[in-house]
Amino acid sequence: MTAKRKSKKRPASKVSDPVNLFRSLASAITSSQVSQKPILKRLLCLLGPLSLTQPTNWENCDIASHHWNIKFRGEKVDLINFDDVCFLSDVLFTELDRSLESLFATLFKQKAETCPTFESTEDSIELASLFLKCCMKIMSLLVAKQELVLEKAKTLLSILGRLIRARNGDCSFVFTHDGSLDPRHTFLCTGIEVFMDEILVNKSISDLLFVVDSAFSSCRLFSKHDRAGVVQIVSAHFIIATSDEKTNQMCVERLYWKKGNAFRTPQISLSAAVSLLLNPVMFSAPKMIHAYVVLLVSDAIGICSHPCFKGLDLQLIDHYIDAFEKSVVLYKRHMSKSENGLSGKFGFLTSKSRVAFEHRLLPSTLAKVNDVTQQLKDSWDSYQSDNAKRENNELVAYSVAYAKESLCVFDSSCSESMLSQTLSILGCVILRASSDDVMDSVLEKYNTSSMEDLYLLASTLKFMTCSMLQAIRVLRNWNWHEAGGDVRACKEYKAMMDVVQRFEQFNIHMPCQSFLRDRMESYPHRSKWMLMHFSGLLSVSFALKLDFLVKDSIFGMVISMYLFILEGGDLEALGDSVGHSENTSSSILSSGSKNLAASGKADKTAVDRKQSGAVALKFHKNRTLYLGKVSEAKGPENGSDSGVGVEEETCNGERFLWCMAGKGNVTKTDVDELADFIACDPGKDYSDWLKGRERFRNQRWKSDKIAKERWNKKQKAWRENRGRGSKS
């Protein structure tokens, strides 16, 4: 008896005491003297691995004495009792209910004017998401008691329903002048992402929620054809995130990297996001939802403008490279011809596959998805109209400024000289791309593409560049002991470069691309193929005047230059090659960027100089495309391609320049300076040729306008007929 009494006199329980670990954590959570966040984060580290494996060694006796052995950070923890697990789960669900009730009462029972700011509710939202994660993780440990696990599943399903069906009353989401998110928007998206993350990595949770929904719910959340619940939850997230006028504007901004305006921290992990992207159901989704999923993956990758490399998880390098490979595959599929063989379309969605996706949605959810998509289309029309009014010179100035801003993603080991040379190269490429006369057949492919096509294209570009940037960051900062300090000897580097090599398969048909190919032909670096491809896409983006595609293309070139540095490329030699005979262009870019930084807009003098530079480059392009044959002869001194057009019988371009004088106010001095740079065919009537080209373009513009008007009338008639049918 004495021995037994002494054995009961144990010291006070601590959180680290293995026998009472779960009860100690529960006590700490309910204590007002302890911060809950660190406790919940520690609990997640413990529950994470346990939730993915069923406790197979429960003892076949009284359920209260069931136990199993676990390891927490390498330290063996013995005899965790089922009774302790139940006690902890009760505490977690009670605290979760208290946190959510407080947030719903604070955020959704007040008008927009009195709604608290995101900063004041940020801690509450984070705490509620931690409780929700812990509650979902602990569910797998409760399976031994079916009544208990069903009760907790009903609670979780009720929470998910409140998040999906939450309304803003008679007010829309509110955003501050600096673009800060509305706390209600953040709260709803965060909560749904926690559910999304868990059902993607833990099939038992999705099965449990589906069973409870079908057996006990009076108002179903999941379609009977969507057992995993993925389609319904993703669609609900899409509706909440894009169903408001303010969030519609943010949709365009999210299509490209933007310094200092990162979307809120996502609650979906990278592995879960990639598995969602690769889900076969997503390939049959409408393009807007598919594009939205791609953006979710980009957010999960989590780049920032001022990276803390010590915080990069080196174990994620394989995930980054795998994501990069998936993005390139996705990009190539969307750039190729569609399944029906029409060259003027992107993607591969068919009506049959779309029906398969919609079959998994509840009718009410499908109606909202169509509603939101139509709102986005209306917003897109307004966006396109505003972009069409922008002058090319304005786009050039802001493109150079964006390139300069994007260089902040480079690490601190890149010197100021390196950054300056990189910006100079990018500036020359931007100026050349802006003056490219894109062929009509190329423009037609983009002009006939829908808003959904371009959204999907841009989101895929962002996904590609973000994943590649993170891979480059890790490779540049990883201490490769086994590689002898040479990153190019490691298998991860080789795997990434094998993916980069695929860009060699893309066509090169833009003058800017041909210019880069000639200058970089002798370079062995595979990054040159990416730089050439994105420069061509930039030319098309300038012609379309699509701001987000311009920025995506520039960011792609920035990452290509970052890869060039990783490959050990000589920036100085590349800069001299690309900038050869481009001194005027370099000075224009330098002047334009300085004026833009000082006043927020290009100075009139800088604009005039830009116009002169653009005219010169355009004449040089016309000579190459229409009049000259590119010489394959090498320069006698340096052995490089001289780039001079050669014809069997030519004369200088004085006659051609005077044909242009009526339109461009060309002076005698201008003609004398430029005539030797243009080779003309003596027998060609350039006046008639220019008139014919302008007549053709006017006819094409009119036919496109008529086709668009007819399409809008058909759409309007279809919506009216649909409205009459629903009323009847």
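Everything numeric here is computed off the predicted structure, so don't read it as measured data.

Here is what the cut-offs are and how they apply
- Residues numbered from 1 in each chain as written.
- Predicted model: local features only at pLDDT ≥ 70, side-chain atom pairs only at ≥ 80, totals over all residues.
- Heavy atoms only, no water.
- Core = buried A, V, L, I, M, F, W, Y, C linked by side-chain atoms within 4.5 Å.
- Buried < 20%, exposed > 50% of the residue type's maximum accessible area, 1.4 Å probe, protein only.
- Helix = DSSP H or I, 4+ residues; strand = E, 2+ residues; numbered from the N terminus.
- Domains from an automatic or database assignment.
- Contact = heavy atoms within 4.5 Å.
- Arc of directions from axis to C-beta.
- Phe/Tyr/Trp six-rings, centres within 6.5 Å; stacked < 30°, edge-to-face > 60°.
- Lys NZ or Arg CZ within 6 Å of the ring centre and 35° of its normal.
- Salt bridge = Lys/Arg side-chain N within 4 Å of Asp/Glu carboxyl O.
- Polar contact = N/O pair within 3.5 Å; in protein donor to acceptor, adjacent residues only side chain to side chain.
- pLDDT = per-residue confidence, 0-100.
- Axes fitted to C-alpha atoms, helices over the stretch in contact; angles between N-to-C directions.
- Parallel < 35°, antiparallel > 145°, perpendicular 65-115°, else oblique.
- Left-handed = near helix turned anticlockwise from the far one by under 90°.
- Nonpolar A, V, L, I, M, F, W, Y, C, P; charged D, E, K, R; others polar.

Undergrad: How should the nonpolar core be read in this particular structure?
TA: When a protein is soluble and globular, its nonpolar side chains tend to lie buried together. Counting residues in hydrophobic clusters, the biggest one holds 197 residues, and the most contacted among them are Leu 92, Met 496 and Phe 548. At 16 residues, helix α19 (residues 451-477) tops the list of elements feeding residues into this core. Among the domains, domain 1 (18-53 + 61-106 + 119-166) and domain 2 (392-577) are the pair contributing at least three residues each to this core. Among all residues touching Leu 92, those that are not within four sequence positions of it are Ile 29, Leu 40, Leu 43, Phe 131, Cys 134, Cys 135 and Ile 138.

Undergrad: Even after reading the chapter, I still don't get helix α20 (residues 491-500), so can you show me in this structure?
TA: Looking only at α20, the buried set comprises Glu 492, Tyr 493, Met 496, Met 497, Val 499 and Val 500. One side of α20 carries all its buried residues, which in axial view fall inside an arc of 150°.

Undergrad: I keep staring at the packing of aromatic side chains and nothing clicks. Help me out?
TA: The geometry of two aromatic rings is summed up by the distance between their centres and the angle between their planes. Applying the stated rule across the entire model yields 15 aromatic pairs. Summarising the aromatic geometry, the rings of Phe 503 and Phe 506 are spaced 5.5 Å apart at their centres and angled 45° between planes, so their arrangement reads as tilted. Summarising the burial analysis for this pair, Phe 503 and Phe 506 share the class buried. Chaining the aromatic ring pairs together yields one cluster made of Tyr 256, Trp 257, Tyr 402 and Phe 555. Here Arg 23 stacks its cationic end above the ring of Phe 87, 4.6 Å away from the centre of that ring.

Undergrad: Hey, could you run me through helix α2 (residues 21-30) in this one?
TA: An α-helical turn contains 3.6 residues, so a residue and the one three or four places further along point in the same direction. With seven of ten residues buried, α2 lies mostly within the body of the structure. Within the span of α2, buried status applies to Leu 21, Phe 22, Ser 24, Leu 25, Ala 26, Ala 28 and Ile 29.

Undergrad: It is not clear to me how the pattern of salt bridges should be interpreted in this structure. Could you clarify?
TA: Where charged atoms of side chains with opposite charge meet at close range, the side chains can pair. The full count for this structure, using the stated rule, is 21 salt bridges. Note that Asp 90 is salt-bridged to Lys 152, the shortest N-O span being 2.9 Å. Taken together, the positions of Asp 90 in helix α4 (residues 82-108) and Lys 152 in helix α6 (residues 146-165) put the pair 62 residues apart, joining distant regions of the chain. Residue Lys 491 pairs with Glu 492 through a salt bridge whose shortest N-O separation is 2.9 Å. Because the salt bridges share partners, they merge into one network encompassing Lys 37, Lys 41, Asp 123 and Glu 126.

Undergrad: For this particular structure, what's the right way to read the side chain of His 237?
TA: The topology assignment puts His 237 in helix α9 (residues 230-242). Engagement of the side chain of His 237 in a polar contact is seen with the side chain of Glu 193, the distance being 2.9 Å.

Undergrad: Can you walk me through the confidence of the model for the protein chain in this structure?
TA: Atomic detail in the predicted coordinates should be set aside for any region of low pLDDT. Per-residue confidence for the protein chain gives a mean pLDDT of 75; residues scoring 70 or more make up 67%. Taking the mean pLDDT of every element in the protein chain, the minimum, 34, falls on strand β4 (residues 645-646) and the maximum, 94, on helix α23 (residues 547-566). Per-residue pLDDT stays below 50 along residues 55-65; that stretch engages in 20 contacts with residues further than four places along the chain or on separate chains. In the predicted structure, residues 306-311 sits below a pLDDT of 50 and forms seven contacts with residues beyond four places in sequence or in another chain.

Undergrad: Explanation requested: the packing of α2 against α4 in the structure shown.
TA: A pair of packed helices is captured by two measures, namely the crossing angle of their axes and the spacing between those axes. The N-to-C vectors of α2 and α4 enclose an angle of 20°; their axes lie 8 Å apart at closest approach. Between α2 and α4, the angle falls in the class roughly parallel. Considering the relative orientation of α2 and α4, their crossing is left-handed. Where α2 abuts α4, its residues Phe 22, Arg 23, Leu 25, Ala 26, Ile 29 and Thr 30 lie against Asp 83, Asp 84, Val 85, Phe 87, Leu 88, Val 91, Leu 92 and Glu 95. Split into classes, the residues belonging to the contact of α2 with α4 amount to nine nonpolar, one polar and four charged.

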